[in-house]
Amino acid sequence: MRRARIALAGALALPLVLGPVVADAASGPLACRGTTTVGPWQQVPVEAFGGVQSVQTRDVVTAYAVDAARPARVLATNGNTIKASGSDGCVWEDALVLTSTPSAGVPFSGTTSTIVSAALLPGGPALAAVREGSAAASRPHVVRSPSGATGSWTASDSGLPAQGAPRQLEAASDGRTAYLVLSPTSSGGAAGGTLPDLPGAPGDTGPAGLLYATTDGGASWALRTGADALGSGIDALSIDAEDANLLYAVTDGRLVVSADGGRSVTDTGLTGVTAVETMESGEVVAATADGIAQSTDAGLTFTLRAALSGVDALAHRTGDDVVVAASQGQLFRVDARRSGKPTLVPAGAEATPGTALGDRARDGSFHVLAGHVLLRWIDPTPPGRQAPPPVVGELAAPPPPPGRVEPPSRSVSLPVGQSSLQDFTLVLPPSPTPLDLFFLVDTSPGMADYIGDLKRTFTTISTALSQAGIDVKVGLGAAGAGPGDGEPPFPEADPTRPDYRKPSPYTLLRPVGDVDAQLQTAFDGLRPDPNLQSSTRRDVKEGQLIALNSLVTGEGVLQEGSSDLAPSYTVQPGQRAGFRPQEGIRRLVVHATDEDFNNPHGTPRKADGTPDLERIAGVLAAQRVQQIGIAPDEGSRATANLTTMARLTGALAPAEGVACGNDLRVNAGEPLVCETPNGFGAAITGLVKALVDEQDVRLVAPERSPVLGAVDATALRGLDVTVRNDVPFRVRVSCVGLAPGRYDQSLDALLRGFTVATAQLTVTCTAPPAGAVAIDPPPAAAAAQQAGQPAQDPPPAAQPLAQAPAAPAPAPPVAAPQAQPQPQAQAQSQVQSQPMTAAALQQQEELQLALALLGEQRPGTELAMVNRRDAERSRALALLATAMAFSSAFGLARLRSAPAVRRSR
């Protein structure tokens, strides 16, 4: 066995400054009711646990879990009920309740079973470990849910033993792997049990023992480590930040390491260990009787960082140098990478032992359980920076899965005065766009069957979309009727009908949010309006167009004859659907109606008084909202209007078409409207999944370096991100006008506003040989000279890709005598040094690339930025862009015609 070496020199020399030392952490406060703040901690109450008939329960929180990638997802349990939140704990729902009667999905009852531990696989399924029975009769179970939603939990015991007491569930970072720690309840063969021997394990009350693992998101389990390698069992377990097979476990106070997912373990030699936590890949911290020690070589050697004893939990978040340590109910900050003493961080509540953890999300936080509340860290605002905005968990969009650039880094050496093109490939894994799905349902009596079917299947629809990898939020609104012009308004109340409610063309029942108890209540309240059927009016006018306009704009409709001074409304203002504002979230309205769009008072109209579908479609399209239609009858009167709205908002069927059920299809390119008398759930799911998900990936330079020229990013536009993409792009680097030296540049790929990959460029500009020309002709000109043709002047270089104003370029070296004057090259260098905003860059990217690349290519080379069908347009484009650039900075410059360059697809 290897022995760890612990370095003590200078370990406690430097005090820890106030606030975490972070790379990019900025955890803001939550914007939800009931929270209080003490120091840097915000206290978020866990909703009270209700009683369960014939089952003994307690209103205490015994375990919780946070999704490390999407920390808005939280689970909490009292041993009988699992509460789930998609909003950092702002709103809770009872996701799983062990009742007194087993069910087909969960075949054990709350009278004999206890929920012991929970885990959320990052961006994936929710898991919970359940112990059935007690002492030697204990049996382990795992229940699993694809989303954590109510009604979606099922037993997932494949591969688990028939005996044993579950103790701990830990999720790896890959979203598929998790580990389950068990205590055996017998001595194996000696007592006739089915488990391997584990000496000294006193029933189900002793230390944790055997290790099981899943690599398919909890669907099946397999034994990884038996008793022979564990001593008296596993007391703590932590998984590497990147490698799901690299484990650190505490057994009998010793820290052991496994590099193969627990199949074998190696003793580090570190003893007296009470807690362990991984930081970045290959980096781990462990609490011992002497203090907190850190290793950067996967446990081979350790350095003592802080003298803090009695630590029962350690927590780390991505990008931070600090760990949070819990000791005797108090919380401390410890600089785990630099020597320093622990700093007490008061939280106003006593921390529950062993519950501190950190997440790995963008702008991540620390989390601790303290009785019946969750503690969440809020970062102090650095001087000169704006405070992070309040976080509303249920409105947060998850980041796309990370990709990579191949090669991830490249070193280029160029003589001063020359430039070159560098080819890269961006590799993106499948990343379906997050989806806001708003159901707008006609509540006329003829829609009764559809409403009943939708109430039964909306959870199935949401689950099917979640299983397809789509982060889906759901809202609900009702489209009713209103009075026509000149007709009296509907009465506010009707004493002859206790169930009367005033009809309205639009009512918001639940804004876009999680599939939770609130949404279930909203759907339960959705029903056909009996007041429309019993109305004495000869023509009840449904307000579909009013509803579409109101859910996007929040505009209300005043009753005819009412005024803003004494308003009375047919539709109350402020009833927006609540679509999430983040970049790249898909917004869909599933509009179900059985009538053509009527014309009650307040309907947006054309000059001739007819409903103005085109204008409202434009309102939806401007807010990136697409409408897909459901007509409950084949040949329905609603189909024509639904089709118009789908076409004008861009909701069209993909190349393979869409099956609506009952042998009905929407063919390729047709508006997404299904006519189907039944099976609405399948039709809606099919329509939503069929939408082509095209997104643009932007290339952005976080900091500008003078060596970066234009970037050919055309191929990164309009990517179908539901599938893997391997996309080439090209970067121009230049040493024109620069002094010899090394220049570093990074380039980020952004999808939906999140950085998904980064390329690193190191450009070394070397001094030209004595007597050499400072600026070599570009390859196109050189080729022309070799062919005996007159060389054409190269166009000026494109401005560098940058977001921030550039620092002044280094002064160029004293140039060797040149063979001939280079006035155009001098102008080029001056133009290149001008800063450019990101907005202007995005608008002018194609013009810049045409200029930058025209002079760089040999005749016949194909590029992506110039139209292959019209060489004259390419010349005109280059001429126009160059004239614009020069006139804005220095006045007009003369340009010669550029050679034709073709575009490749």
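Before going into details, it helps to say that this report is about the structure given with it.

Cut-off values and rules
- Residues numbered from 1 in each chain as written.
- Predicted model: local features only at pLDDT ≥ 70, side-chain atom pairs only at ≥ 80, totals over all residues.
- Heavy atoms only, no water.
- Helix = DSSP H or I, 4+ residues; strand = E, 2+ residues; numbered from the N terminus.
- Buried < 20%, exposed > 50% of the residue type's maximum accessible area, 1.4 Å probe, protein only.
- Contact = heavy atoms within 4.5 Å.
- Areas by Shrake-Rupley, 256 points an atom, 1.4 Å probe, with all protein chains shown as cover.
- Pairing = 2+ DSSP bridges.
- Axes fitted to C-alpha atoms, helices over the stretch in contact; angles between N-to-C directions.
- Salt bridge = Lys/Arg side-chain N within 4 Å of Asp/Glu carboxyl O.
- Disulfide = S-S within 2.5 Å.
- Polar contact = N/O pair within 3.5 Å; in protein donor to acceptor, adjacent residues only side chain to side chain.
- Arc of directions from axis to C-beta.
- Parallel < 35°, antiparallel > 145°, perpendicular 65-115°, else oblique.
- Left-handed = near helix turned anticlockwise from the far one by under 90°.
- Nonpolar A, V, L, I, M, F, W, Y, C, P; charged D, E, K, R; others polar.

## Structural notes on the overall build of the chain
- Within the chain, the secondary structure is distributed over 11 helices and 54 strands.
- Classification of the 905 residues of the chain by burial places 52% in the buried group.
- Taking the contacts inside the chain whose residues are at least 6 apart along the sequence as the reference set, 65% of them involve residues at least 24 apart.
- Accessible area for the chain stands at about 37800 Å²; split by element, carbon and sulfur atoms hold 51% of it.

## Things to note about the pairing of strand S21 (residues 284-287)
- Residue alternation in S21 divides its side chains into two sets, Val284 and Ala286 and Val285 and Ala287, and both sets are buried.
- In this structure, S21 lies alongside strand S22 (residues 292-295), joined through 4 bridges in antiparallel fashion. From the neighbouring strand, Ala287 faces S22, where its bridge partner is Ile292.
- Taking the residues between adjacent antiparallel strands as the criterion, S21 and S22 are bridged by 4 residues, where Gly291 takes a positive phi near 145°.

## Points about the sheet that holds strand S48 (residues 708-712)
- Spatially, the 4 strands line up as an open sheet ordered S31-S33-S50-S48, and their pairing is antiparallel. Both outer strands of the open sheet, strand S31 (404-406) and S48, are each paired with one neighbouring strand and no more. Strand after strand, the sheet turns through a mean of 30° between neighbouring axes, direction not considered.
- Relative to strand S50 (residues 725-734), strand S33 (residues 419-428) runs antiparallel, the two sharing 10 bridges. Opposite Ser420, over in S50, you have Val733 as the bridge partner.

## A word on the pattern of salt bridges
- With the rule as written, the count across this model stands at 24 salt bridges.
- Glu406 serves as the salt-bridge partner of Arg404, at 2.8 Å between the closest nitrogen and oxygen.
- Judged by relative accessible area, which is 40%, Arg404 ranks as partly exposed.
- Classification of Glu406 by relative accessible area gives partly exposed; the value is 34%.
- One salt bridge in this structure joins Asp436 and Arg580, with 2.7 Å as the shortest N-O distance. Of this pair, Asp436 sits in strand S34 (residues 435-442) while Arg580 sits in the loop between strand S40 (569-571) and strand S41 (586-592), and the two are 144 residues apart along the sequence.
- Three or more residues are tied together by salt bridges with common partners; here these are Glu280, Glu283, Asp321, Asp335, Arg337 and Arg338.

## Overview of the sheet that holds strand S6 (residues 81-85)
- In space, the 4 strands of this open sheet follow the order S4-S5-S6-S7, with antiparallel pairing throughout. Each having just a single partner strand, strand S4 (63-66) and strand S7 (93-97) make up the two edges of the open sheet. Sheet twist, expressed as the average angle between the axes of neighbouring strands with direction ignored, equals 20°.
- Direction of pairing for S6 relative to S7: antiparallel, over a ladder of 4 bridges. Residue pairing for S7: Lys83 is matched across the bridge by Asp94.

## A word on unusual backbone geometry
- With an omega of -10°, the peptide bond between Glu406 and Pro407 qualifies as cis.
- The backbone phi angle of Ser54 is positive, close to 65°, even though this residue is not glycine.
- Residue class for Ser54 comes out exposed when judged on its relative accessible area of 60%.
- Of note, the phi angle at Arg624 is positive, near 60°, even though the residue is not glycine.
- Within the element layout of this structure, Arg624 appears in the loop between helix H5 (613-622) and strand S42 (625-631).
- Residue Arg624 is classed as partly exposed on the basis of its relative accessible area of 40%.

## With respect to the state of the cysteines
- Within the structure shown, the criterion is met by 1 disulfide.
- Cys735 shares a disulfide with Cys765; S-S distance 2.1 Å. Measuring handedness by torsion sign, the sulfur bridge of Cys735 and Cys765 sits at about -85° and is left-handed. In this pair, Cys735 is assigned in the loop between S50 and strand S51 (741-751) and Cys765 in strand S52 (residues 754-766), connecting sequence segments 30 residues apart.

## Observations concerning the side chain of Thr278
- For Thr278, the position within the fold is in strand S20 (residues 275-278).
- According to the relative accessible area criterion, Thr278 is buried, its value standing at 1%.
- Polar contacts involving the side chain of Thr278 include one to the main-chain carbonyl oxygen of Ile239, which spans 2.7 Å.
- Those residues in contact with Thr278 that sit more than four places away from it in its chain are Ser238, Ile239, Asp240, Ala241, Tyr248, Glu283, Val284, His316 and Arg360.

## Focus on helix H2 (residues 517-524)
- Here H2 has its buried residues at Leu519, Ala522 and Phe523. The buried residues of H2 occupy an angular sector of 95° when projected down its axis, which confines them to one face.

## Section: the pairing of S22
- Side chains Ile292 and Gln294 project from S22 onto one buried face, and the interleaved Ala293 and Ser295 project onto a second face that is buried too.
- Of the strand pairs in this sheet, S22 and strand S23 (residues 301-306) are connected by 3 bridges, and their pairing is antiparallel. Its bridge partner being in S23, Ala293 is matched across the sheet by Leu304.

## Re the packing of H5 against helix H6 (residues 639-648)
- Between H5 and H6, the shortest axis-to-axis distance is 9 Å and the interhelical angle comes to 40°. Comparing the axis directions of H5 and H6 gives the class oblique. For H5 against H6, the interelement crossing comes out right-handed. Listed contacts from H6 to Leu613, Glu614, Ile616, Ala617, Leu620 and Ala621 of H5 are Asn641, Thr644, Met645 and Leu648.
- Of the residues in the contact of H5 with H6, the class split is 7 nonpolar, 2 polar and 1 charged.

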